[in-house]
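Descriptive analysis of the structure
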Amino acid sequence: MMTRTTRRVAFASLLACAAGLAACLAPEASVAQHAPAAGEPAKAAKQPDIVLFITDDLTRSDVGAYGSLDAKTPNIDRLAKEGTRFTNAFAASPSCSPSRSSIFTGDYPMRHGGHANHSPIRADLSTLPERLQKLGYRVVIAGKTHIGPRRSFPFEYFAASVDRPPRGQGVLYSELNVEAIDQLLASRDRDKPLALIVATFAPHVPWARLEGYDPAKLHVPPSQVDTPETRDARARYLTRVTQADTQLGAVRASLAKHGDPSNTLLLFTADQGAQFPFSKWTLYDAGIAAPLIAYWPGHVPAGRVNDAMISLVDLLPTMQAAAGATPSTDMDGRSFLDVLVGRKDSFHDAVFAAHSGVPEVRPGSNIAPMRAIRTKDYKLIVNYRTDIKYVSGVSNAGGEGGYWQSWVQRAQTDRDAAAKIQKFHYRQPVELYDMRNDPYELKNLANDPSKAALIASMRKRLEAWMVQQGEDPKNVALPSAARRGGYPYAQ
């Protein structure tokens, strides 16, 4: 990965050669006829509206378009058919605040500073609303925020888009008000380009009352313990997945009614995976593999499936490029616009992810500094505090609906269940998985002598990335208690 200094040097060279040779233009140049200077909007074409729809705690494999045999997601599936579906997109963190902060800064968690959940980012960073406002956009966030401090994220915060049912307050009881978003789109100034973040609270817990799913007919992932309680929990979770899908359909209908779909870049993704064991708060693919679907008629190919390696830190520079500006070079992310519009098929050869913990939930809970490097073929996870028994909101709270206790009971007589609980609580220092042949990461190859050279190479690269991020691989600190920074983290 290039350092910021080398990026600036490379960028300067590209600008110099661009004056004389069109072929020297950066691959991230916009779809406009020329590449404006960094931070300047395009002049040759009308800037597109940009809509980013973010689901909350959605495992990629629990979407019909990504192979789920159970999920009822007709709107997401239709979007995938009409646009391009990416099969190797990854969140920078498996935890809400760090992941969203990475999306909105273009930096990995250690670089932006908010690597522990509910922690604020560094005060000196430029963020998505600032960068897109400079390009002339009205930048609105509707629904969940979960970022801070608020002064670092000068969105137009659309409070009317959040509904709180009478049963309680805060994120666990909030819902997205799609009717308010429809009214926003109907009343907007059409002469000013709009960048709209739609952040639904679904399918985050608490999971919905069961509707439309038969627990007995579901397919339980092999990483989970198949108990009636697990099946019931998955059925209620999938009910919430369908709720998020319905909200996406409503937003698309509003865009068609009040906007210009042919000049709108719509991106669909998730912050991280669902709140099941080996998913959220872990670096397994069920925690960091993100759905990513792009729709932009006339620019993004329809019905295309692309396996390019993408990190969600790449979304912000890609938005800049789509808006007609040269992407900023002072962040980790890079524009994948050329991949998005079908000019290129490949991008990164590896992406990274980090999890530090959720220390404020309960003393000693979810304290698990871990770092990962992911290629198309392999995943290497390094766990830095294996002396600490890993627990999380799943095991502490018993899992949504109490299914965790059914795992504990099953483990008394079932070796497979006992092995899964052991793996959950006690991580190995190094984990290596063959992602093509073992997508659920069931067999750790770290002790396979034939993989020793591969592990050494991947770990060397992972540790170089950590140093580039300002972290000492030999002294990875435990996350301190989160500093909430005066922002409404409960949204």
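Cut-off values and rules
Residues numbered from 1 in each chain as written. Predicted model: local features only at pLDDT ≥ 70, side-chain atom pairs only at ≥ 80, totals over all residues. Heavy atoms only, no water. Helix = DSSP H or I, 4+ residues; strand = E, 2+ residues; numbered from the N terminus. Contact = heavy atoms within 4.5 Å. Buried < 20%, exposed > 50% of the residue type's maximum accessible area, 1.4 Å probe, protein only. Arc of directions from axis to C-beta. Polar contact = N/O pair within 3.5 Å; in protein donor to acceptor, adjacent residues only side chain to side chain. Salt bridge = Lys/Arg side-chain N within 4 Å of Asp/Glu carboxyl O. Pairing = 2+ DSSP bridges. Lys, Arg positive; Asp, Glu negative; His and termini not counted. Axes fitted to C-alpha atoms, helices over the stretch in contact; angles between N-to-C directions. Core = buried A, V, L, I, M, F, W, Y, C linked by side-chain atoms within 4.5 Å. pLDDT = per-residue confidence, 0-100.

Comments concerning the environment of Asp-56
- Topologically, Asp-56 is positioned in the loop between β1 (49–55) and α2 (74–82).
- Remark: the alpha-carbon pair of Asp-56 and His-204, spanning 148 residues in sequence, is separated by 5.5 Å.
- Ignoring any residue separated from it by four or fewer positions in sequence, one finds Asp-56 in contact with Cys-96, Arg-100, Lys-144, Thr-200, Phe-201, Ala-202, Pro-203, His-204, Asp-271 and Gln-272.

A few points about helix α13 (residues 415–425)
- Taken residue by residue, α13 has Ala-417, Lys-420, Ile-421, Phe-424 and His-425 as its buried positions. Along the long axis of α13, the arc covered by the buried residues comes to 125°, so they all point the same way.
- In the core, the buried residues of α13 are packed alongside α11 (393–396) and α12 (403–411).
- Where α13 begins, the capping side chain belongs to Asp-414, and its oxygen is found 3.0 Å from the backbone nitrogen of Asp-416.

Some details on the pattern of salt bridges
- For the structure shown, the criterion picks out 29 salt bridges.
- Across the salt bridge formed by Arg-343 and Asp-338, the nearest N and O atoms sit 2.6 Å from each other.
- Look at Asp-338 and you get buried, because its relative accessible area is 9%.
- It is possible to trace a salt-bridge network through shared partners that takes in Asp-56, Arg-100, Lys-144 and Asp-271.

Brief notes about the pairing of strand β3 (residues 138–143)
- Counting buried residues along β3, 5 of its 6 residues qualify, which places the element largely inside the surrounding structure.
- Looking at chain direction, β3 and strand β4 (residues 156–158) are connected through 3 bridges and run parallel. Its bridge partner being in β4, Val-140 is matched across the sheet by Glu-156.

Topic: α12
- Those residues of α12 lying buried are Tyr-403, Trp-404, Ser-406 and Trp-407. Buried positions in α12, seen along its axis, are confined to an arc of 155° and lie on one side of it.
- On its buried face, α12 sits against α7 (228–258), α11 and α13.

Quick look at the environment of Thr-242
- Following the sequence through the fold, Thr-242 ends up in helix α7.
- In this structure the C-alpha to C-alpha distance between Thr-242 and Thr-73, which are 169 residues apart in sequence, comes to 5.7 Å.
- What Thr-242 contacts, discounting residues up to four positions off in sequence, is Lys-72 and Tyr-213.

Considerations on the side chain of Asp-438
- Among the structural elements, Asp-438 can be located in the loop between β15 (430–434) and α14 (452–468).
- Buried within the structure, Asp-438 lacks any salt-bridge partner; Lys-423 is the closest side chain of opposite charge, at an N-O distance of 6.9 Å.
- Within the local environment of Asp-438, its side chain forms a polar contact with the backbone nitrogen of Leu-442, the two atoms lying 3.0 Å apart.
- A polar atom in the side chain of Asp-438 sits 2.8 Å from the backbone nitrogen of Lys-443.

Here we look at the environment of Asn-447
- The residue Asn-447 is located in the loop between β15 and α14 in this model.
- The exposed category is assigned to Asn-447, whose relative accessible area is 74%.
- Residues Asn-447 and Glu-431, 16 residues apart in the sequence, show an inter-C-alpha distance of 8.9 Å.

Thoughts on unusual backbone geometry
- Cis geometry marks the peptide bond from Gly-148 to Pro-149, where omega comes out at 0°.
- Structurally, Pro-149 is set in the loop between β3 and β4.
- Ala-202 connects to Pro-203 through a cis peptide bond whose omega is 0°.
- Its place among the elements puts Pro-203 in the loop between β7 (194–199) and α7.
- You will see that Asp-57, though not glycine, has its phi angle at about 65°, which is positive.

Considerations on the sheet that holds strand β13 (residues 367–374)
- Taken together, 4 strands build an open sheet; the order of strands is β12-β13-β14-β15 and the sheet is antiparallel. Of all the strands in the sheet, the pair left with one neighbour each is β12 (351–357) and β15. Each adjacent strand pair in this sheet contributes to an overall mean axis angle of 15°, direction not counted.
- Note that β13 and strand β14 (residues 378–383) share 5 bridges and pair antiparallel. Residue pairing across strands places Ala-372 opposite Ile-381, the latter belonging to β14.
- Packing against the sheet, α14 makes contact with β12, β13, β14 and β15, and its axis sits at approximately 65° to β14.

Some points on the nonpolar core
- Counting 86 residues, the largest nonpolar core has Ile-181, Leu-196, Val-198, Tyr-237, Phe-268 and Leu-380 as the members making the most contacts within it.
- With 8 residues, the single largest contributor to this core is α7.
- Sequence-distant contacts of Val-198, that is, excluding residues within four places in its chain, are made with Val-51, Leu-52, Phe-53, Ile-54, Ala-142, Leu-176, Ile-181 and Val-251.
- Counting residues in hydrophobic clusters, the runner-up holds 45 residues, among them Ile-121, Leu-128, Leu-265 and Leu-267.

Remarks on the confidence of the model for the protein chain
- When the pLDDT values of the protein chain are averaged, the result is 88; 85% of them are 70 or greater.
- For residues 1–35, every residue scores under 50 in pLDDT, and the model assigns this stretch 52 contacts once sequence neighbours within four places are set aside.
- Here residues 482–491 is a poorly scored stretch, pLDDT under 50, and it has 34 contacts once near neighbours within four places are set aside; other chains count.

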